[in-house]
Amino acid sequence: EEMVERLAEFLRFTLELDPNEDVTLDRELALQRAYLEIERVRFPDLRLDIDADPSIIGTAVPSLILQPLVENAIKHGVSRHLGPAHIGISASRRDELLDLVVTNRAPPLAAMQPLGIGL
């Protein structure tokens, strides 16, 4: 029931998006939080840390730009690890560039077969 509620929230967020329009970084981070709340139902030990420079949260980014990276971190890291896991998202300015980083601190189990190619 909790997962269905969180999934409905995420779908409402994504249905409001115009794929041809950028969103603010703050909105993109909120979308990723909503997605990771769904995954937290599956992986209760999942911890999320978002570190975004407050001076850039209004910066325009393509909508769902982080989604493939976050999904990849779940599929190739968190889902292959027993116990606590951590997903980190950081956003900072480097010169004139926006530096977006998704990290996964859940070492994969050595005995598991690969599930495709991870980033």
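Heads up: the structure comes first, above all this text.
Residues numbered from 1 in each chain as written. Predicted model: local features only at pLDDT ≥ 70, side-chain atom pairs only at ≥ 80, totals over all residues. Heavy atoms only, no water.

Trainee: Help me understand helix 3 (residues 67-76), please; the structure alone is not making it clear to me.
Mentor: Those residues of helix 3 not exposed but buried are Q67, V70, N72, A73, I74 and H76. Close packing links the buried residues of helix 3 with helix 1 (2-15), helix 2 (25-42), strand 2 (46-52), strand 4 (85-94) and strand 5 (97-104). (Buried < 20%, exposed > 50% of the residue type's maximum accessible area, 1.4 Å probe, protein only. Helix = DSSP H or I, 4+ residues; strand = E, 2+ residues; numbered from the N terminus. Contact = heavy atoms within 4.5 Å.)

Trainee: Quick question: what am I supposed to make of the nonpolar core here?
Mentor: One broad rule of soluble globular proteins: the nonpolar side chains tend to lie buried together. L36, L46, I74, V78 and I87 are the most contacted members of the largest nonpolar core, which has 25 residues in total. Broken down by secondary-structure element, the contributors of at least two residues to this core are helix 1, helix 2, strand 2, helix 3 and strand 4. A per-element tally of this core places helix 2 first, with seven residues. Filtering out sequence-adjacent residues up to four positions away, I74 remains in contact with Y35, L36, E39, F43, L46, S79 and I87. (Core = buried A, V, L, I, M, F, W, Y, C linked by side-chain atoms within 4.5 Å.)

Trainee: Explain helix 2 here, please?
Mentor: Think of an α-helix as turning once every 3.6 residues; residues three or four places apart then point the same way. With 18 residues, helix 2 should reach 26 Å at 1.5 Å per residue; the first-to-last C-alpha distance of 26 Å fits that figure. Residues L25, E28, L29, L31, Q32, A34, Y35, L36, I38 and E39 constitute the buried set of helix 2. (Expected span 1.5 Å × (residues − 1).)

Nothing here speaks to function; it is all geometry.
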